[in-house]
Amino acid sequence: QKEVEQDPGPLSVPEGAIVSLNCTYSNSAFQYFMWYRQYSRKGPELLMYTYSSGNKEDGRFTAQVDKSSKYISLFIRDSQPSDSATYLCAMSGYGGSQGNLIFGKGTKLSVKP
Amino acid sequence: SAVISQKPSRDICQRGTSLTIQCQVDSQVTMMFWYRQQPGQSLTLIATANQGSEATYESGFVIDKFPISRPNLTFSTLTVSNMSPEDSSIYLCSVEEKWGANIQYFGAGTRLSVL
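Residues numbered from 1 in each chain as written. Chains lettered and ligands numbered in written order. Predicted model: local features only at pLDDT ≥ 70, side-chain atom pairs only at ≥ 80, totals over all residues. Heavy atoms only, no water.

Engineer: What exactly am I supposed to notice about the sheet that holds strand S3 (residues 19–25) of chain B here?
Structural biologist: Pairing between the strands of a sheet comes from backbone hydrogen bonds, and it takes one of two forms, parallel or antiparallel. Residue and element names in this part refer to chain B. If you walk across this open sheet you meet the 4 strands as S1-S3-S8-S7, and the pairing is antiparallel. Among the strands making up the open sheet, the edge pair consists of strand S1 (4–7) and strand S7 (68–72). Going from strand to strand, the sheet's axes swing by 15° on average, the running direction of each strand aside. Of the strand pairs in this sheet, S3 and strand S8 (residues 75–80) are connected by 6 bridges, and their pairing is antiparallel. When the bridges of S8 are listed, Thr-20 appears paired with Thr-79. (Pairing = 2+ DSSP bridges. Helix = DSSP H or I, 4+ residues; strand = E, 2+ residues; numbered from the N terminus. Axes fitted to C-alpha atoms, helices over the stretch in contact; angles between N-to-C directions.)

Engineer: It is not clear to me how the state of the cysteines should be interpreted in this structure. Could you clarify?
Structural biologist: When the sulfur atoms of two cysteines share a covalent bond, that bond is a disulfide. Counted according to the given criterion, the structure contains 2 disulfides over all chains. Paired by a disulfide, Cys-23 of chain A and Cys-89 of chain A hold their sulfur atoms 2.0 Å apart. Disulfide Cys-23 of chain A to Cys-89 of chain A: torsion about the S-S bond roughly -100°, handedness left-handed. With Cys-23 of chain A in strand S3 (residues 19–25) and Cys-89 of chain A in strand S9 (residues 85–92), this residue pair connects regions lying 66 residues apart in the sequence. The class for Cys-89 of chain A is buried, based on a relative accessible area of 0%. Each sulfur of the disulfide joining Cys-23 of chain B and Cys-93 of chain B lies 1.9 Å from the other. Where Cys-23 of chain B bonds to Cys-93 of chain B through sulfur, the torsion about that S-S bond is close to 65°, and the disulfide is right-handed. (Disulfide = S-S within 2.5 Å. Buried < 20%, exposed > 50% of the residue type's maximum accessible area, 1.4 Å probe, protein only.)

Engineer: Looking at this structure, I do not really get the packing of aromatic side chains. What am I missing?
Structural biologist: Under the defined criterion, the tally for this structure stands at 11 aromatic pairs over all chains. When the ring of Phe-103 of chain A is compared with that of Phe-106 of chain B, the centres are 6.0 Å apart and the planes differ by 75°; the resulting orientation is edge-to-face. Taken together, the residues Phe-103 of chain A in strand S10 (residues 102–103) and Phe-106 of chain B in strand S10 (residues 104–106) connect one chain to another. Look at Phe-106 of chain B and you get buried, because its relative accessible area is 10%. Connected via pairs of aromatic rings, a cluster forms that spans Tyr-36 and Phe-103 of chain A together with Tyr-35 and Phe-106 of chain B. (Phe/Tyr/Trp six-rings, centres within 6.5 Å; stacked < 30°, edge-to-face > 60°.)

Engineer: Sorry, what's going on with the sheet that holds strand S8 (residues 71–76) of chain A here?
Structural biologist: All names here are of chain A. Across the sheet, 5 strands lie side by side as S1-S3-S8-S7-S6; this open sheet has antiparallel pairing. Edge positions in the sheet fall to strand S1 (4–5) and strand S6 (54–58), since each has one partner strand and no second. Sheet topology note: the S3/S8 ladder contains 6 bridges and is antiparallel. Bridging from a neighbouring strand, Thr-24 pairs with Tyr-71 of S8.

Put into structure tokens, the structure is as follows:
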């Protein structure tokens, strides 16, 4: 079993839809959870950062962490064509400068006008 | 967040040659990282580069194949040596801006094709 599982999609939704992106993980030591957005031919861009369990909201984006289920989600409300990108989840069990971010494979999202 | 510049943005190389990728940051950072992103695969950490010390390599990556330099707090290079077509990938550098948060910011990447 891989440490982080993420459905690669592709996921296609109409403009204005609510998008749900998910990752599951196996390592109960993970405490730091991140979502990155990566446009074609660009580097990953940090979207959301969450420590431990709970929800975090930033504009149209909401990140949820359920450590009991080892499941994290990113919700995008009122999706826009500009949200079309690959979304990567990442997580780590360490604070400090350990560099041990474990990434999912990414979900490719397409928002159609 | 820090601005990270990578050079070259892309290259096409011949088998057996080497390519050095540069990563420049607009502020001083302690930790810099090098990743590989292969099609359909997760980002994989190659090594961690601290200024003033030897790079720390992850399992499956060795210094002879991927030598790294970190001469100061704003710059690092990754060399892909004796390339084969299997080295065709995107190579990314990242930095950790704030110690303790384990939040990394990435450059745009170098797209390498080996013929």
